[in-house]
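As a plain string of letters, each chain reads:
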Amino acid sequence: DTIRVFAPATVANVVCGFDILGFAVDAPGDEVIMRRKAEPGVTITKITGDEGRLPMDAAKNTVSASVQHYLKHIERTDIGVEIELHKKMPIGSGLGSSSASTVAGLFAINTMLDEPLTRDELVPFAMKGEELACGSGHADNVAPALLGGFVLIRSYEPLDLIKLPYPESLYCAIVFPDVDVPTRDARQMIRSKVLLKDAVIQWGNVAGLVSGLFMKDIDLIGRSMKDVLVEPVRSILIPDFYKLRETAMEAGAVSFGISGSGPSVFSFARDEETANRITSRIQKHLSERQIGSLTYVSPV
Ligand code: HSE
């Protein structure tokens, strides 16, 4: 009884949709291997790729803690499982790293038990994992990691998830600059009050982006991906943010912004070649500033 699950990285916020929009990419992602064991309880037996940064303690690790929470909810605490976690993307990158692991774990246990819950029903358990990881149980990484594609969180209470269509030919270019930006800190720096005039701009853009996705209108998608609420504050955490934007746009990007809470940045591009050009130019700029980076190109 062994199950191996891959869950993908995700780009949350999608620039203007703070906490309400996210999409999954093909790669990178994390892998969980789950095995049944005779004694009840959840244990982590191995973690690779985390440079020793993640807790092995089952109550503190987001994967095992959310699996424990799930087993309690479905009243199956008699079950025993061992978990191996293989991190295949950087931690604290703004690519939904903790979400991918948590989602892989929940998907594995739910599959092992013949799917007592639907994928949608797994989302609240994955949100608990996010809460443990960064103090806030947002769903804009976990929902797309579980459901795939683009997801809109229309409401949190009650949770209302809407899968959105998107143009077939959309590519995502991601660059992770190797600087430290903990999500917890990146959330604390955002102002809790906004001006009505800024809110008007923001909801115009969110509506424009969602319309652009439905209409498969890449120009509309591009011109709607602007953020007057969060990006002005968080951009200071990313080296040369505005220069990186200029570089991406000159290389043919449709859009440019922060992925999740950063430090990763991402662009949409109309084709793979343009996406590769964007990542290599951004990477070159960062390396001139002695900042290492990882790049990923994936269809949306
Ligand atoms: N919506 C979240 C944020 C995503 O921007 O803080 C990061 O996990």
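The structure we're discussing is the one just above.
Treat the numbers as computed from the prediction; the structure is a model and nothing was measured. (Residues numbered from 1 in each chain as written. Predicted model: local features only at pLDDT ≥ 70, side-chain atom pairs only at ≥ 80, totals over all residues. Heavy atoms only, no water.)

1. Notes on the packing of helix α1 (residues 62-73) against helix α3 (residues 119-134)
Phase 1: Running from amino to carboxyl end, α1 crosses α3 at an angle of 140°, the nearest separation of the two axes being 9 Å. Between α1 and α3, the angle falls in the class oblique. For the pair α1 and α3, the crossing hand works out as right-handed. Taking contact as the criterion, the partners of Thr 62, Ala 65, Ser 66, His 69, Tyr 70 and His 73 in α1 are, on α3, Leu 122, Phe 125, Lys 128, Gly 129, Leu 132 and Ala 133.
Phase 2: Here the residues of the contact of α1 with α3 are counted per class, giving six nonpolar, five polar and one charged. (Axes fitted to C-alpha atoms, helices over the stretch in contact; angles between N-to-C directions. Helix = DSSP H or I, 4+ residues; strand = E, 2+ residues; numbered from the N terminus. Parallel < 35°, antiparallel > 145°, perpendicular 65-115°, else oblique. Left-handed = near helix turned anticlockwise from the far one by under 90°. Contact = heavy atoms within 4.5 Å. Nonpolar A, V, L, I, M, F, W, Y, C, P; charged D, E, K, R; others polar.)

2. Observations regarding unusual backbone geometry
Excluding glycine, most residues fall at negative phi; most peptide bonds, likewise, are trans.
Phase 1: Going from Ala 27 to Pro 28, the amide bond is cis rather than trans, its omega being 5°.
Phase 2: With respect to the element layout, Pro 28 can be found in strand β2 (residues 21-36).
Phase 3: Across the junction of Glu 157 and Pro 158, the peptide omega takes the value 0°, indicating a cis bond.
Phase 4: Within the fold, Pro 158 resides in the loop between β5 (150-155) and β6 (160-164).
Phase 5: Phi at Asp 240 is positive, roughly 60°, even though this residue is not glycine.
Phase 6: Looking at the secondary structure, you find Asp 240 in the loop between α8 (231-234) and α9 (241-250).

3. Concerning the site of the ligand
Phase 1: Within the structure, the ligand sits among Ala 12, Asn 13, Phe 18, Asp 19, His 138, Asp 140, Asn 141, Thr 183, Arg 187, Arg 234, Gly 260 and Ser 261.
Phase 2: One nitrogen or oxygen atom from the side chain of Asp 19 is found 2.5 Å from a nitrogen atom belonging to the ligand.
Phase 3: Take Asn 141: an N or O atom from its side chain is 3.0 Å from an oxygen atom of the ligand.
Phase 4: When the free accessible area of the ligand is taken as 260 Å², the share hidden by the protein chains comes to 96%.
Phase 5: Considering only residue class, the shell around the ligand consists of two nonpolar, six polar and four charged. (Near = heavy atom within 4 Å. Polar contact = N/O pair within 3.5 Å; in protein donor to acceptor, adjacent residues only side chain to side chain. Areas by Shrake-Rupley, 256 points an atom, 1.4 Å probe, with all protein chains shown as cover.)

4. Looking at the pairing of β5
Phase 1: Among the six residues in β5, five count as buried, and that is most of the element.
Phase 2: Bridge count between β2 and β5: three bridges; the pairing is antiparallel. When the sheet's bridge partners are listed, Leu 21 is paired in β5 with Leu 152.
Phase 3: In this structure, the hairpin formed by β5 and β6 is closed by a connection of four residues. (Buried < 20%, exposed > 50% of the residue type's maximum accessible area, 1.4 Å probe, protein only. Pairing = 2+ DSSP bridges.)

5. Section: the pattern of salt bridges
It is possible for side chains bearing opposite charge to pair when their charged atoms get close.
Phase 1: Tallying each qualifying case throughout the model produces 17 salt bridges.
Phase 2: The residue Arg 187 makes a salt bridge to Asp 19 at a minimum N-O spacing of 2.8 Å. Taken together, the positions of Arg 187 in helix α5 (residues 183-188) and Asp 19 in the loop between β1 (2-12) and β2 put the pair 168 residues apart, joining distant regions of the chain.
Phase 3: When the shortest N-O distance is used, the salt bridge between Lys 197 and Asp 198 registers 3.5 Å. (Salt bridge = Lys/Arg side-chain N within 4 Å of Asp/Glu carboxyl O.)

6. What about the sheet that holds strand β7 (residues 171-177)?
The strands making up a sheet associate through backbone hydrogen bonding, with each pair oriented either parallel or antiparallel.
Phase 1: With antiparallel pairing, four strands are arranged side by side in an open sheet as β8-β9-β7-β10. Strand pairing shows two members of the sheet lacking a second neighbour, β8 (257-258) and β10 (293-299), which therefore form its edges.
Phase 2: Here two bridges tie β8 to strand β9 (residues 265-269), and the two strands are oriented antiparallel to one another. When the bridges of β9 are listed, Ile 258 appears paired with Val 265.

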